[in-house]
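What follows is the residue order along each chain.
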Amino acid sequence: MADTMRFELVSPERRVASMEVTAVRIPATEGDLTAMPDHTPLITTLRPGVLHAEGPEGEMEFVVTGGFAEVGAEGISVLAEESHSREEMTQEKLDRMIEAAARRHNEAKSNFENEPGPVDDAAKLLSDMMAMGDHIGLSPKQSNL
Amino acid sequence: MPSLKDLKNRISSVKSTRKITKAMQMVAAAKLRRAQEAAENARPYAERFDAVMGQLAASVGDSETAPLLLRGTGKDDVHLLIVMTSEKGLCGGFNTNIVKKSVQRIKQSRQEGKEVKIITVGKKGRDVLRRTYADQMIDHVDHSDVKRVGYGDAQEIARNVLDRFDNGEFDRAFIYYGEFENVVTQHPREQQIVPATFGGDEGEAPADKTLYDYEPGEEQILADLLPRGVATQIFAALLENAASEQGARMSAMDNATRNAEEMVDDLNREYNRTRQAVITNELIEIISGAEAL
């Protein structure tokens, strides 16, 4: 059994990280999951959250939103629309992301008045985003909902 | 015959033109390098995305419940064309070629009795298309203040397009952009984005297919990812377009510089000849004056 596997984190504009890891904790839509080498092949969508990678080179944390993770035989690739390493994450970036989510929520509320589906999705996105902010110790600005 | 002074003026004006085109060429070269880098950096994401989407799409197949973005609306009446060109000119045939490609589709679609709608990105394409197809143009995306194309720009366009799709404004959508091959060659390209198409669809599918678990279900994942796929494809096209534009401008300006050089040479020769003629004339006058005495 291999001790490590390849882990890649890419955003549309660049490759954020590429390294050997022993375990990755992924914030998946249906709950966090930790993938280790020889995990069963899996594709899952992401919720906004903190991705935690552990390897011989140390531990790394990334903030990811929107996208999916593919756990395959060769390794794990995570494709996220926005991904920043934990250190790069600033209050400003978080505010921008939360603002976008809040706007989506409001749009959904006005566009789909009688369908709860999209509104709930947007609300979940927003609350996930807030929770992520709490988790990494940045105070989510109280947006007026 | 132009006087010496005229020639001198012309030479200096051509020389300053040459300086300008030379400078533009160098600026384009620097921008091209950056644009190519950006395109390079975006490639891993686009490729992985494409591969996974291809897999998902293949496994969901033509099922009744597949998202409309994949399956299509079942009609083929309204075509939406998203024509991406540059904001600035002076880049040779770059814009013309892209517009030509889109006009082909417009003509064909109309011949088949379909309705055509056009969204333009970049001023140059809008200016040309507006002359003939003003009624078909439904929107324009202004990128004149965008220095470097970001994913956000692509997302904006994608949202615009997807909103229209949700409202049933069109059945099929194509994007037009310049594909960058190298500095001297760029190809105008047409790509269908709705219903979604993926590069790795059939290719090596059966050979090394891993069976994935999907969480949540395949169709939910697809529904979540398809809109992102549209944005990704638009983003890739925008980046290609930016690189192509700079490449086209670079070679156009290189040609212009070379032409100006040739012209300066010709004008210099003419100038020298005229100068000598003037001297000879003066000599003749002096000599014949002396002889008359």
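Since this is a predicted model, take the numbers as computed values, not measurements.

Within chain B one finds 6 helices and 6 strands. Reading the secondary structure of chain B in the N-to-C direction produces α-α-β-α-β-α-β-α-β-β-β-α. A compact globule built from 293 residues should have a C-alpha radius of gyration of about 19 Å, whereas chain B, at 28 Å, is more than 25% larger. Projected onto the principal axes, the alpha-carbon positions of chain B cover approximately 110 × 40 × 35 Å. When each of the 293 residues of chain B is scored for burial, the buried share is 43%. For chain B, the proportion of contacts with a sequence separation of at least 24, taken over those separated by at least 6, is 76%. With an accessible surface of roughly 15800 Å², chain B has 48% of that area assigned to carbon and sulfur atoms. Put simply, chain B has 40 plus and 46 minus side-chain charges, and the middle of one group is 9 Å from the middle of the other.

Of the regular secondary structure elements, chain A holds 2 helices and 8 strands. Each helix (α) and strand (β) of chain A, taken in turn from the N terminus, gives the series β-β-β-β-β-β-β-β-α-α. Here the contacts in chain A between residues at least 6 apart in sequence split such that 52% fall between residues at least 24 apart. Surface accessibility of chain A: about 7000 Å² in total, with carbon and sulfur atoms responsible for 47%.

Residue and element names in this part refer to chain B. Overall, mixed pairing links the 5 strands, which are arranged S3-S2-S1-S4-S5 in an open sheet. Here the strands that pair on one side only, and so sit at the sheet edges, are strand S3 (137-141) and strand S5 (186-194). Taken pair by pair, the neighbouring strands of this sheet meet at an average axis angle of 20°, ignoring direction. In terms of strand pairing, strand S2 (residues 115-121) meets S3 through 4 bridges, oriented parallel. Within S3, the residue paired with Ile118 across the bridge is Met137. Here helix H6 (residues 218-292) sits on the sheet in contact with strand S1 (78-84), S2, strand S4 (172-180) and S5, set at roughly 35° to S4.

A full pass over the atoms with the stated rule returns 20 salt bridges over all chains. By sharing partners, the salt bridges in this structure join Arg25, Asp32 and Arg47 of chain A into a single network.

Further remarks concern unusual backbone geometry. In this model, Val194 of chain B is joined to Pro195 of chain B through a cis peptide bond whose omega is -10°. Between Glu215 of chain B and the following residue, Pro216 of chain B, the backbone shows a cis peptide bond with an omega angle of -10°. Tracing the sequence through the fold places Pro216 of chain B in the loop between strand S6 (213-215) and H6. One non-glycine residue, Asp38 of chain A, lies in the positive phi region at around 65°. By the secondary structure assignment, Asp38 of chain A is in the loop between strand S4 (31-35) and strand S5 (42-45). We classify Asp38 of chain A as exposed; its relative accessible area is 59%. A positive phi angle, close to 55°, is found at Leu90 of chain B, a residue other than glycine. The residue Leu90 of chain B is located in the loop between S1 and helix H3 (94-111) in this model.

We now examine helix H1 (residues 91-111) of chain A. Residues and elements named next belong to chain A. Over its 21 residues, H1 runs 30 Å from end to end, which matches the ideal 30 Å to within 8%, given 1.5 Å per residue. By the burial criterion, the buried members of H1 are Leu94, Asp95, Met97, Ile98, Ala101, Ala102, His105 and Ala108. Projected down its long axis, H1 carries its buried residues within an arc of 165°, all on one side. Summarising the geometry of H1, the exposed residues directed more than 90 degrees from the buried face are Glu92 and Asn111.

This part is about the pairing of strand S1 (residues 5-10) of chain A. Residue and element names in this part refer to chain A. Of all 6 residues making up S1, 5 are buried, and the element is well covered by its neighbours. As paired strands, S1 and strand S2 (residues 15-21) are joined by 6 bridges and run antiparallel to one another. Its bridge partner lying in S2, Leu9 is registered against Ala17. Counting the residues that bridge the hairpin from S1 to S2 gives 4 residues. Summarising the sheet, S1 and strand S8 (residues 75-85) pair through 5 bridges and their orientation is parallel. If you follow Glu8 over to S8, its bridge partner there is Ser77.

Our focus in this paragraph is the environment of Thr65 of chain A. Residues and elements named next belong to chain A. You can see Thr65 is positioned in strand S7 (residues 58-71). Distance from Thr65 to Thr90, taken between C-alpha atoms, is 15 Å for residues 25 residues apart in sequence. Contact partners of Thr65, with chain neighbours within four places excluded, come to Pro48, Ala80, Glu81, Glu82, Met97 and Met129.

Another point: the side chain of Ser251 of chain B. Considering the arrangement of structural elements, one finds Ser251 of chain B in helix H6. The residues contacting Ser251 of chain B, other than those within four sequence positions of it, are Val183 and Val184 of chain B.

Let us look at a nonpolar patch on the surface. Residue and element names in this part refer to chain B. Together, Ile279, Leu283, Ile286 and Ile287 make up an exposed nonpolar region whose accessible area comes to about 380 Å². Relative to the elements of secondary structure, Ile279 occurs in helix H6. Residue class for Ile279 comes out partly exposed when judged on its relative accessible area of 41%.

So, how was this worked out
Residues numbered from 1 in each chain as written. Chains lettered and ligands numbered in written order. Predicted model: local features only at pLDDT ≥ 70, side-chain atom pairs only at ≥ 80, totals over all residues. Heavy atoms only, no water. Helix = DSSP H or I, 4+ residues; strand = E, 2+ residues; numbered from the N terminus. Rg over C-alpha atoms; globule rule 2.2 N^0.38 Å. Buried < 20%, exposed > 50% of the residue type's maximum accessible area, 1.4 Å probe, protein only. Contact = heavy atoms within 4.5 Å. Areas by Shrake-Rupley, 256 points an atom, 1.4 Å probe, with all protein chains shown as cover. Lys, Arg positive; Asp, Glu negative; His and termini not counted. Charge placed at Lys NZ, Arg CZ, Asp CG, Glu CD. Pairing = 2+ DSSP bridges. Axes fitted to C-alpha atoms, helices over the stretch in contact; angles between N-to-C directions. Salt bridge = Lys/Arg side-chain N within 4 Å of Asp/Glu carboxyl O. Expected span 1.5 Å × (residues − 1). Arc of directions from axis to C-beta. Patch = residues over 30% accessible without salt bridge, like charges linked within 9 Å, V, L, I, M, F, W, Y side chains within 5 Å.

Remember that the coordinates give geometry; whether it matters functionally is a separate question.
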